[in-house]
Amino acid sequence: MNAAVRATVRVGIYTGAKVYFVHEGYQGLVDGGDNIRQATWESVSMMLQLGGTVIGSARCQDFRSKEGRAKAACNLVKLGITNLCVIGGDGSLTGANEFRNEWSELLQILLKAGKITAEEAKRSSHLNIVGMVGSIDNDFCGTDMTIGTDSALHRIMEVVDAITTTAQSHQRAFILEVMGRHCGYLALVTALACGADWVFIPEMPPDEGWQDHLCRRLTYQRKIGNRLNVIIVAEGALDRHGKPITCDIIKNLVTKKLSFDTRATILGHVQRGGTPSAFDRILGSRMGVEAVMALLEATPDTPACVVSLSGNMAVRLPLMECVQVTKEVTKAMAEGRFEEAVKLRGNNINIAIMNVGAPCAGMNAAVRSAVRIGILQGHNMLAVHDGFDGLANGTIEPMTWGYVGGWTGKGGSNLGTKRSLPASMIEEISLNIAKFNIHALVIIGGFEAFLGGLELVTAREKYEELCIPLVVIPATVSNNVPGSDFSIGADTALNTITTTCDRIKQSAAGTKRRVFIIETMGGNCGYLATMAGLAAGADAAYIYEERFGIHDLETNVEHLLEKMKTTVKRGLILRNEKCNANYTTDFLFSLYSEEGKGVFDCRKNVLGHMQQGGTPTPFDRNFGTKMGAKAVLWLTDKLKECYRHGRIFANTPDSACVLGMKKRATLFQPLSDLKEDTDFEHRIPKTQWWLKLRPILKILAKYKISLDTSETATMEHVIKKRGTV
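All values reported here derive from a predicted model rather than from experimental measurement. (Residues numbered from 1 in each chain as written. Predicted model: local features only at pLDDT ≥ 70, side-chain atom pairs only at ≥ 80, totals over all residues. Heavy atoms only, no water.)

Remarks on the overall build of the chain
To keep things clear, this is the line we draw: Where helices and strands are cited, they refer to DSSP runs of H or I of at least four residues and of E of at least two residues respectively, numbered from the N terminus. Restricting the calculation to C-alpha atoms gives the radius of gyration, and the globule rule supplies 2.2 Å times the number of residues raised to the power 0.38. Contacts are assigned to residue pairs with any non-hydrogen atoms lying within 4.5 Å of each other. Under the convention used here, a 1.4 Å probe and the Shrake-Rupley method define accessible areas, while residue burial counts only the protein chains that appear. When charges are counted, neither His nor the chain ends are considered; positive counts come from Lys and Arg and negative counts from Asp and Glu. A single reference atom marks each charge: NZ on Lys, CZ on Arg, CG on Asp, CD on Glu.
Along its length, the chain carries 24 helices and 26 strands. For the chain, the C-alpha radius of gyration of 27 Å lies close to 27 Å, the compact-globule estimate for 725 residues. Principal-axis analysis of the C-alpha atoms places the extent of the chain at approximately 90 × 70 × 50 Å. Pairs at least 24 apart in sequence give 78% of the contacts found in the chain among residues at least 6 apart. Surface summary for the chain: the accessible area is close to 30200 Å², and the carbon and sulfur share equals 51%. For the chain, the separation between the mean place of its 82 positive charges and that of its 75 negative charges on side chains is 4 Å.

Given below as structure tokens:
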């Protein structure tokens, strides 16, 4: 929430608006006085890394009455406030919309009571409202992700990872209850991210006889050598008769029927606290910017809107349509109208999976998901060790369901990975594809995976064995694979950098007048430096894609010299490792040290390979799981298309694709079509969506630059978009 507050304040001030904090939610709006205070640029400093909300939040009975809302209106009119930005759940946003709808009526009440003048009423004739959804449950329809959900998943996974190690040591069954009274998102994604044996969510009650099914499942897992059983329960989980399914019910069942040593943990409010994740900070910042734009463009006829995330795009949706759909979902669940489970199809096919390029967090989650979905489809899944080298050398073996058990939470690459490309060993690769009877190939990796895929496609002309469907899943900390806005592993690296920057800023805040220069990875791609700059509140981020010279460096130094005169006496500079061959990290350190003499001193930090390691974040576990599953399901359909005269033959461009997330959808794009959008020399796509976020980074650091608003989100209708609920 604090990232959204910070961005709203700073972009509001940047546009020339006066921005006010309303402390303690609607209660502060009703009580007025010191609860409504003007915000300054400095007042939102050092907020990004704080959980909760620094301006406070409170449930308010007074605002539910017209008398209370009239008091709130009076407070706003007296200060000349005509735009209200509300961050909260559907209750808070519904209250805001009601407030706006009766605004004219409230002004008349205040006029009659003599509390405001006719001039004041005229000046505040209408109220614009924009909402941002802050809810850890991710239970608001119309947005893919609400502010706070990703951070809650971080808290849950920290606990799961900690408990599973002890549970494994003692051979225990472990039941974890997570929040989600009416929404099973946290439970479902946690189950995906930790490889749970079972998950209970409100939207999908288990079938009759689930108790026996669960016990059979747990017994089978023990029989095949798993020492740990994990069951995730949403707090609102129900059976088919509407009776609650609680941790205690499951614990008693497992203990009595199976005599397993069982432990139950109810996470509770731990999920709401802690440091926000990099994803939430960037989401909050982007939503804050979009909220200000929506308010500035609003007219008396514009319906109150909610700013939300659809895929990778900020969109505006009518607030009450979203609330209506959210309530209809709850109603449908209460009436027992649950969707039926999807049944999977099956046939016998050999699909090989390999990792290529540098290792990154989330690769193993993608492999596990692909293997298990493939097995459920009836395929034989093959592990190729050590990238294209393994495919050429024949280090290939079958993978069973249990082979990939527990892989989701492991960083790096369990299959092994190398940067070698296939062109020099095509002969050996084609022989092994024939020898092991491989019908399709999943390549998970970075830019080398993309290049390798292209080389295999080119070699199809000469080697018929290579005429098989293949899919490349982008997985690299650099996020530089053409055809996708996100790569598996980039979120984990981003969180590593952000956490380090938080600690460094804390150190700088203590010593005062200190500037830190931090070098990030990414090759020639400035994604990590830019997004970490947004998430950590950097003063500048130097990248290859945005050329800079001595005049830019001079401007940045002067900006920091001015900053040291304010109450915020610290600086943070990020530099992408290959942003400029001559302006190295050492050079920048020497320049800033020399120019800042007597005003500030400098420190430098090269983060290095710590960015590639570590436990995958919930986002990367979930993203890897989804991408692995989608890739295998796509290959299954593609194999049916390519099956002719008793064999597989695929030589069309659309039989070799990159599976990527573009804007609002996951797309399969032919490798050959992406060549034109690729800068092969610098190993980056020619068009990169995140470059449009760089002006926001500069504005939030108080640079006077112009913001391109040509691509602001337009209002969309969520009910029409969703169809029937």
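Having seen the structure, we can now continue with the description.
What about helix α15 (residues 426-435)?
One full turn of an α-helix is made of 3.6 residues, so residues set three or four places apart face in the same direction. Basically, it comes down to this: In this scheme, a residue with accessible area under 20% of its type's maximum is buried, one over 50% is exposed, and one in between is partly exposed, where area comes from a 1.4 Å probe on protein chains only. Along the arc lie the directions from the helix axis toward the C-beta atoms.
Where α15 is concerned, the buried positions are I426, I429, S430, N432 and I433. Buried residues of α15 fall within an arc of 165 degrees about the axis and therefore sit on the same side. For α15, the exposed residues lying more than 90 degrees away from the buried face are L431 and K435. Residues of α15 that are buried sit in contact with α14 (387-393) and α16 (447-458). A positive backbone phi angle near 55 degrees is found at N437, which sits one or two residues after α15.

Side note on the state of the cysteines
Heads up, the condition is: Here, the term disulfide refers to a pair of cysteine sulfur atoms separated by no more than 2.5 Å.
Inspection of the entire model under this criterion finds zero disulfides. No disulfide involves C360; its sulfur sits 14 Å from the nearest other cysteine sulfur, which is in C525. The closest cysteine sulfur to the non-disulfide-bonded C467 is located on C642, 9.7 Å from its own sulfur. On the accessibility criterion, C467 (3% relative accessible area) is buried.

Things to note about the pairing of strand β10 (residues 313-318)
The criterion, for reference: Strand pairing is assigned whenever DSSP identifies at least 2 bridges connecting the two strands.
Here β10 lies mainly inside the structure; five of its six residues are buried. Pairing of strand β9 (residues 305-310) with β10 involves six bridges; the strand directions are antiparallel. In the strand pairing of β10, C305 is matched with P318. Between β9 and β10, which pair antiparallel one after the other, the connecting turn spans two residues, and G311 there sits at a positive phi close to 65 degrees.

Points about the environment of E464
Mapped onto the fold, E464 is located in the loop between α16 and β16 (470-474). Separated by 34 residues in the primary sequence, E464 and S430 have C-alpha atoms spaced 8.2 Å apart. In this structure E464 touches R647 and F649, once residues within four positions along its chain are discounted.

Thoughts on the nonpolar core
In a soluble, globular protein the nonpolar side chains are often hidden away together inside. This is how the line gets drawn: We call a set of buried Ala, Val, Leu, Ile, Met, Phe, Trp, Tyr and Cys residues a nonpolar core when their side-chain atoms join them within 4.5 Å.
I353, V367, I444, Y527 and M531 are the most contacted members of the largest nonpolar core, which totals 95 residues. Per-element tally for this core: the top contributor is helix α11 (residues 278-297), with eleven residues.

Some details on the packing of aromatic side chains
The line we're drawing: Working definition: a ring pair exists when centres of Phe, Tyr or Trp rings (six-membered ring for Trp) sit within 6.5 Å. Plane angles under 30 degrees give stacked, over 60 give edge-to-face, the rest tilted.
Inspection of every chain in the model, using the stated rule, returns 19 aromatic pairs. Aromatic side chains F486 and F619 sit 5.9 Å apart centroid to centroid with 65 degrees between the ring planes, which places their arrangement in the edge-to-face category. With F486 in the loop between β16 and α17 (490-511) and F619 in helix α21 (residues 618-642), the pair connects residues that are 133 residues apart, well separated along the chain. Residue class for F619 comes out buried when judged on its relative accessible area of 16%. Aromatic pair Y527 and W690: ring centres 6.2 Å apart, planes at 75 degrees, arrangement edge-to-face. Here the residue Y527 occupies a position in helix α18 (residues 527-536), and W690 occupies one in the loop between β26 (684-685) and α23 (694-700), the gap between them amounting to 163 residues. Just as Y527 is buried, W690 falls in that class too.

Side note on the sheet that holds strand β17 (residues 514-520)
For clarity, the threshold we go by: Lines fitted to C-alpha atoms define the axes here, with helix axes fitted over just the stretch in contact, and angles between the N-to-C directions of these axes take values from 0 to 180 degrees.
Here we have four strands laid out as an open sheet, ordered β18-β19-β17-β20, and parallel in their pairing. Two strands in the sheet have a free side with no partner beyond their single neighbour: β18 (540-542) and β20 (601-606). On average, each strand axis in the sheet is tilted by 20 degrees relative to the strand beside it, whichever way the strands run. Sheet topology places β17 next to β20; six bridges connect them, and they run parallel.

A short note on the pattern of salt bridges
Note the cut-off: Should a side-chain nitrogen of Lys or Arg be within 4 Å of a carboxyl oxygen of Asp or Glu, the pair is scored as a salt bridge.
Across all of its chains, the model carries 30 salt bridges by this definition. Linking E448 and R419 is a salt bridge whose minimum nitrogen-to-oxygen distance equals 2.8 Å. Of the two residues, E448 sits in helix α16 while R419 sits in the loop between β14 (417-418) and α15, which places them 29 residues apart along the sequence. Residue K662 is joined to D485 by a salt bridge in which the shortest nitrogen-to-oxygen separation is 3.8 Å. Here the residue K662 occupies a position in strand β23 (residues 656-662), and D485 occupies one in the loop between β16 and α17, the gap between them amounting to 177 residues. Given a relative accessible area of 27%, K662 falls into the partly exposed group.

Topic: the confidence of the model for the chain
Close reading of the predicted structure is inappropriate where its pLDDT is low. Under the convention used in this document: Think of pLDDT as the predictor's per-residue confidence, scored from 0 to 100.
For the chain, mean pLDDT is 88; residues scoring 70 or higher make up 95% of the total. Across the chain, β16 holds the top mean pLDDT of 97, while helix α24 (residues 718-722) sits lowest at 58. Across residues 339-347, where pLDDT falls below 50, the model places 13 contacts with residues more than four positions away in sequence or in other chains.

Points about the side chain of D280
Our working rule: For the purposes of these results, a polar contact is taken to be a pair of N or O atoms within 3.5 Å, where, inside protein, one atom must be able to donate a hydrogen and its partner to accept one; residues adjacent in sequence count only when each atom of the pair is a side-chain atom.
By the secondary structure assignment, D280 is in helix α11. It turns out D280 is buried and unbridged, and the closest side chain with the opposite charge, R155, is 7.5 Å from it. A polar contact of 3.1 Å, which involves the side chain of D280, links it to the backbone nitrogen of G148.

Let's talk about a positive patch on the surface
Counted only if it meets this: Patches here are clusters of residues that have more than 30% relative accessible area and form no salt bridge, with a 9 Å joining cutoff for like charges and a 5 Å cutoff for nonpolar side chains (Val, Leu, Ile, Met, Phe, Trp, Tyr).
On the surface, a cluster of positive charge is made up of R59, R64, R181 and R272. Mapped onto the elements of the fold, R64 is located in the loop between β2 (36-38) and α3 (66-79). The exposure class of R64 is exposed, given its relative accessible area of 64%.

Describing the sheet that holds strand β3 (residues 83-88)
By definition, the strands of a sheet pair up through backbone hydrogen bonds, in either a parallel or an antiparallel sense. Pairing is mixed in the open sheet, where four strands are placed in the order β3-β4-β9-β10. Taken across any chain shown, the strands that pair with only one partner, and hence form the sheet edges, are β3 and β10. Averaged over all pairs of adjacent strands, the angle between strand axes in this sheet comes to 30 degrees, irrespective of strand direction. Each of β3, β4 (128-133) and β9 is contacted by helix α4 (residues 90-101), which is oriented at about 175 degrees to β4, the strand it contacts most.

Focus on the side chain of Q49
With respect to the helices, strands and loops of the structure, Q49 is situated in the loop between β2 and α3. Its relative accessible area of 14% is what places Q49 among the buried residues. Discounting residues that sit within four places of it in the chain, Q49 has contacts with T275, P276, R281, D502 and K505.

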